[in-house]
Amino acid sequence: MKIIAIANQKGGVGKTTTSVNLGACLAEKGVRVIVLDMDPQANSTSALDFVPGDQPGVYQSLMGDTPIADLILPTKYENLSLGPCDMDLAGCEIEMAREEDHLIRLRRILSEFRQSDPADYMLIDCPPSLGVLMTSSLAAADELIVPLQCEYFGLEGLSKIVGVHQQIKESGANPDVVLEGIIMTMADSRTNLSSMVINDVREYFPEVTYQTIIPRNIRLGEAPSYGQTIIDYAPSCSGAVAYRALADEFLQRHA
Ligand SMILES: Nc1ncnc2c1ncn2[C@@H]1O[C@H](COP(=O)(O)OP(=O)(O)OP(=O)(O)O)[C@@H](O)[C@H]1O
Ligand SMILES: [Mg+2]
């Protein structure tokens, strides 16, 4: 099982939308995926149609009470499972920060878990902060994928997350974590700004930037309120087409 952190300290850039819909599009192709919800907002938990708090979440594993294998739930989609978040995860940052091993605790839990080959990929939906939950997700991951909104401030945030990635590598917590991809999200074909930002990012990160661009598509915003992924809610909309193409590109890159 390859572990991939979907992270950006900037809020609202499409981390959750990408975790859930890339996950769903991979699962549709027969790839086994677990989405691990590491964000106390529990957005990917509700997007996959679970009520946060109705079942034990990742907090219980981080606190050592429940093996992570016992938390993982099948979703209504074949091949797609969820490691749910519970509201307690918010307090977890504070509790964990007090412990000496906070940076590598998730890594330890997941290294044990992955030995039973529970899935092909785990996508970790990270919270929008540079706190313990996000950094320990990076410390646990094989790869980092950064969703980046096609706007000017998106670019500014990029240097920060690239810096954090470097720090995690240098800290010794996870020297091997690779910046695998940057995914441009919420692109608006009617504005020049989107294409300017895309060109800039491609210039600085030519190999890393995904060719597939996720357009701004209202259906992507609506789907979670029905507890559905985009391929269920609006299978032929531009958002669904883009996330399916992204899944293809992802698999090519991971072949
Ligand atoms: N391509 C898109 N087109 C239109 N709306 C989108 C798109 N991607 C995401 N959204 C919407 O934008 C908002 C932010 O997206 P999302 O929740 O995926 O971002 P996030 O990075 O996970 O946010 P947070 O940092 O709060 O966790 C949501 O309301 C989502 O439904
Ligand atoms: Mg989110």
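The structure under discussion appears in the preceding block.
What this report covers is the structure whose coordinates are included nearby. Positions within a chain are numbered from 1, following the residues in the order the chain's sequence is written. Labels are handed out in written order, letters beginning with A for the chains and numbers beginning with 1 for the ligands. For this predicted model, a pLDDT threshold of at least 70 governs which residues receive local features, and a threshold of 80 or more governs which side-chain atom pairs are given and counted, while totals over whole chains, interfaces and linings are taken from all residues. With hydrogens and water stripped out, all remaining heavy atoms of the structure feed into the side-chain values.

**Focus on the packing of helix α5 (residues 105–114) against helix α6 (residues 132–140)**
Where α5 contacts α6, the two axes come as close as 7 Å, and the packing angle between them is 40°. Compared by their axis directions, α5 and α6 come out oblique. Considering the relative orientation of α5 and α6, their crossing is right-handed. Mapping the contact onto sequence places Leu 106, Arg 107 and Leu 110 in α5 and Ser 136, Ser 137, Ala 139 and Ala 140 in α6. Side-chain classes follow a simple rule in which Ala, Val, Leu, Ile, Met, Phe, Trp, Tyr, Cys and Pro form the nonpolar group, Asp, Glu, Lys and Arg form the charged group, and the remainder, Gly included, forms the polar group. Here the residues of the contact of α5 with α6 sort into four nonpolar, two polar and one charged. All axes here are fitted lines through C-alpha atoms, helices being fitted over the stretch that makes contact, and every angle between N-to-C directions spans 0 to 180 degrees. The way it works is that DSSP assigns letters per residue, a run of H or I at least four long becomes a helix, a run of E at least two long becomes a strand, and they are numbered from the N terminus. In what follows, roughly perpendicular refers to angles from 65 to 115 degrees, roughly parallel to angles under 35, roughly antiparallel to angles over 145, and oblique to any angle outside these ranges. Helix crossings are classified by the rotation of the near helix relative to the far one: an anticlockwise turn of less than a right angle makes the crossing left-handed, while a clockwise turn makes it right-handed. Any pair of residues with heavy atoms lying within 4.5 Å of one another is described as a contacting pair.

**What to know about a nonpolar patch on the surface**
Each patch is built from residues that are more than 30% exposed by relative accessible area and take part in no salt bridge. Like charges join if they lie within 9 Å; nonpolar side chains (Val, Leu, Ile, Met, Phe, Trp, Tyr) join within 5 Å. Areas reported here follow the Shrake-Rupley algorithm with a probe of radius 1.4 Å; residue values treat only the protein chains shown as occluding. For this document, the term salt bridge refers to a Lys or Arg side-chain nitrogen within 4 Å of an Asp or Glu carboxyl oxygen. A cluster of nonpolar side chains, Tyr 152, Phe 153, Leu 193 and Met 196, forms an exposed patch at the surface whose accessible area comes to about 440 Å². Looking at the nonpolar patch, the elements that each hand over two or more residues are α7 (152–171) and α8 (192–204). In this structure, Leu 193 sits in helix α8. Exposure is judged per residue with a 1.4 Å probe applied to protein chains only, and the accessible area is read against the type maximum: over 50% gives exposed, under 20% gives buried, and values in between give partly exposed. Its relative accessible area of 38% is what places Leu 193 among the partly exposed residues.

**Some words on the site of ligand 1**
Neighbouring residues of ligand 1: 18 residues in total, closest Lys 15, Thr 16, Thr 17, Pro 215 and Asn 217. Contacts described as polar in this section are N or O atom pairs within 3.5 Å, which, within protein, must combine one atom able to donate a hydrogen with one able to accept it, while residues neighboring in sequence count only if both atoms come from side chains. A distance of 3.0 Å separates an oxygen atom of ligand 1 from a polar atom in the backbone of Gly 12. Within the side chain of Thr 17, a nitrogen or oxygen atom sits 2.5 Å from an oxygen atom of ligand 1. Protein coverage of the free-state accessible area of ligand 1, which is 620 Å², stands at 80%. Sorting the residues of the shell around ligand 1 by element identifies α1 (15–28) and α9 (218–222) as the ones contributing at least two each. Considering each element in turn, the shell around ligand 1 owes the most residues, three residues, to α1. Each residue belonging to the shell around ligand 1 can be placed in one class, and the counts come to six nonpolar, eight polar and four charged. We call a residue near a molecule or strand when any one of its heavy atoms sits within 4 Å of it.

**Focus on the pattern of salt bridges**
Inspection of the entire model under this criterion finds 14 salt bridges. For the salt bridge of Asp 188 with Arg 190, the shortest nitrogen-to-oxygen distance reads 3.1 Å. By relative accessible area, Asp 188 is classed as buried at 17%. Arg 190 gets classed as exposed once you look at its relative accessible area, which sits at 74%. Through salt bridges with shared partners, a single ionic network connects Glu 99, Asp 101, Arg 105 and Arg 108.

**A short note on the pairing of strand β5 (residues 121–125)**
A regular strand places its side chains so that they alternate between the two faces of the sheet. Of all five residues that make up β5, five are buried, and the element is covered over most of its length. Neither face of β5 is open: one carries Tyr 121, Leu 123 and Asp 125, the other Met 122 and Ile 124, and all of them are buried. Two strands pair when backbone bridges link them, and strand β1 (residues 2–6) and β5 are joined in this way by five bridges, in the parallel orientation. The residue bridging Ala 5 from the neighbouring strand is Ile 124, located in β5. Of the strand pairs in this sheet, strand β2 (residues 33–37) and β5 are connected by five bridges, and their pairing is parallel. Following the sheet pairing, Val 33 is matched in β5 by Tyr 121. By definition, two strands form a pair when at least two bridges between them are found by DSSP.

**Focus: the side chain of Ser 137**
With respect to the helices and strands, Ser 137 occurs in helix α6. Sequence-distant contacts of Ser 137, that is, excluding residues within four places in its chain, are made with Ala 5, Met 38, Leu 106, Ile 124 and Cys 126.

**What to know about the state of the cysteines**
We call a pair of cysteine sulfur atoms a disulfide whenever their separation is within 2.5 Å. Taken as a whole and judged by the stated rule, the model has zero disulfides. Free cysteine: Cys 25, not disulfide-bonded; nearest cysteine sulfur from Cys 237 at 9.8 Å. Overall, Cys 25 belongs to the buried group, its relative accessible area being 0%.

**Description of the sheet that holds strand β7 (residues 178–185)**
Reading across from one edge, β3-β4-β2-β5-β1-β6-β7 is the order of the seven strands in this open sheet, with mixed pairing throughout. With partners counted over all chains shown, the strands left at the sheet margins are β3 (73–74) and β7, one partner each. Across the sheet, α7 touches β6 (143–149) and β7, and the angle it forms with β6 is around 165°.

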